[in-house]
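Take a look at the letters that make up each chain.
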Amino acid sequence: MRRVLITGGGTGIGAAAAQRLASAGAAVTICGRTRSTLEKVRAEVPTAHAIESVVLDVADEAAVANLFRSREFDAVVCAAGIIKTANAFDLSPADFRRVLDVNLMGTYLVCREAMQQLRARGVPGDIVTISSLAGIRGMQVRFPGSFSYVASKHAVAGLSEALAIDGRPFGIRVNCISPGRVDTEIARQFGGIPEIKPAQIAALIESLLDRERMGGLNGSNIEVYSHD
Ligand SMILES: NC(=O)c1ccc[n+]([C@@H]2O[C@H](COP(=O)([O-])OP(=O)(O)OC[C@H]3O[C@@H](n4cnc5c(N)ncnc54)[C@H](OP(=O)(O)O)[C@@H]3O)[C@@H](O)[C@H]2O)c1
């Protein structure tokens, strides 16, 4: 059975991915900082195998290393992310650093551990990261005042492509999804109800992780446009 780690699995896109992959038979571990949301996902998904939840801050290097010391994963979805809404004049360096710590360093730390573990086990593996259209198409107009988020998501897109190159000799695929506005907490705070739903991104995540169908795809960045 495929063992999949989903960061940010307690809400939004990560929770939808957990639901979809667990229903398809994967052994899913979700992590995030809030136990109650993780438990809610666990309770709501009626699958043969219970979803496991782990309280974890992806920016905590030791905690991420510890997770991979105690468990093996064949696939990873890096959906954890935060946004801080202040422009370049107002955002403090500490807040800027925190956004980079979670969105960029968190993705890097999880991918690093996953890739090292896969290489040590001598098995291939599949990783999906999440950037944003705000990371690759200058869509910050959709997320006003979120310049640190834009910077971090540009970095996630570049990181993902670079990791794909390093992972390739070991059969480790890294693909990135860059959604426009998706109907989750992060987007709703800017008003309106986005057209794209988390379940649609979850379906894309499942496809990208599918080695039989998508094994040739590596280092790609899939843009998902919303028109609201
Ligand atoms: N919704 C959109 O419009 C949109 C568009 C483009 C890209 N994205 C990206 O998609 C990803 C998923 O976001 P979403 O839309 O599903 O929003 P969301 O519901 O806010 O999900 C973000 C998740 O990340 C977790 N998280 C935050 N900081 C964390 C940390 N330090 N360690 C571990 N987990 C952490 C949160 O849980 P806790 O707070 O409990 O830790 C939450 O479950 C994010 O990377 C986001 O940037 C979203």
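See the structure above.
These notes cover the structure that comes with them. (Residues numbered from 1 in each chain as written. Predicted model: local features only at pLDDT ≥ 70, side-chain atom pairs only at ≥ 80, totals over all residues. Heavy atoms only, no water.)

## Let's talk about the overall build of the protein chain
Here comes step 1: Tallying secondary structure elements over the protein chain gives nine helices and seven strands in all.
Here comes step 2: Its C-alpha atoms give the protein chain principal-axis dimensions of roughly 45 × 35 × 35 Å.
Here comes step 3: Within the span of the protein chain, comprising 228 residues, buried residues form 48% of the whole.
Here comes step 4: Within the protein chain, contacts between residues at least 6 apart in sequence are counted, and of these 69% link residues at least 24 apart.
Here comes step 5: Counting only carbon and sulfur atoms, one obtains 52% of the accessible surface of the protein chain, whose full area is about 10400 Å².
Here comes step 6: Between the centroid of the 25 positive side chains of the protein chain and the centroid of its 23 negative side chains there is a distance of 1 Å. (Helix = DSSP H or I, 4+ residues; strand = E, 2+ residues; numbered from the N terminus. Buried < 20%, exposed > 50% of the residue type's maximum accessible area, 1.4 Å probe, protein only. Contact = heavy atoms within 4.5 Å. Areas by Shrake-Rupley, 256 points an atom, 1.4 Å probe, with all protein chains shown as cover. Lys, Arg positive; Asp, Glu negative; His and termini not counted. Charge placed at Lys NZ, Arg CZ, Asp CG, Glu CD.)

## What about the pattern of salt bridges?
Here comes step 1: Tallying each qualifying case throughout the model produces 16 salt bridges.
Here comes step 2: One salt bridge connects Asp126 with Arg211, and the closest N-O pair in it is separated by 3.0 Å. Within this pair, whereas Asp126 is found in strand β5 (residues 125–130), its partner Arg211 is found in helix α9 (residues 211–214), the two being separated by 85 residues in sequence.
Here comes step 3: Under the relative-accessibility criterion, Asp126 is labelled buried at 2%.
Here comes step 4: One connected set of salt bridges, linked through shared partners, spans Arg2, Asp126, Arg173 and Arg211. (Salt bridge = Lys/Arg side-chain N within 4 Å of Asp/Glu carboxyl O.)

## Some remarks on helix α4 (residues 93–121)
Here comes step 1: Taking 1.5 Å as the rise per residue, α4 with 29 residues should run 42 Å; its terminal C-alpha atoms sit 40 Å apart, in good agreement.
Here comes step 2: Within α4, the axis deviates most sharply at Met105, by approximately 35°.
Here comes step 3: Once α4 ends, the next one or two residues include Gly122, with phi positive near 70°. (Expected span 1.5 Å × (residues − 1). Bend = angle between axes of the 7 residues up to and from the residue.)

## Here's the deal with the pairing of β5
Here comes step 1: Among the six residues of β5, six are classified as buried, and the element is accordingly described as predominantly covered.
Here comes step 2: On β5, burial covers both faces: Gly125, Ile127 and Thr129 on one face and Asp126, Val128 and Ile130 on the other are all buried.
Here comes step 3: With four bridges joining them, strand β4 (residues 75–78) and β5 adopt parallel strand pairing. When the bridges of β5 are listed, Val76 appears paired with Ile127.
Here comes step 4: In the classification by handedness, the crossover that spans β4, the intervening α4 and the parallel β5 is right-handed.
Here comes step 5: Pairing of β5 with strand β6 (residues 172–179), which is carried by six bridges, proceeds in the parallel orientation. Note that in β6 the partner of Ile130 across the bridge is Ile177. (Pairing = 2+ DSSP bridges. Right-handed = clockwise from strand over helix to strand, strands pointing away.)

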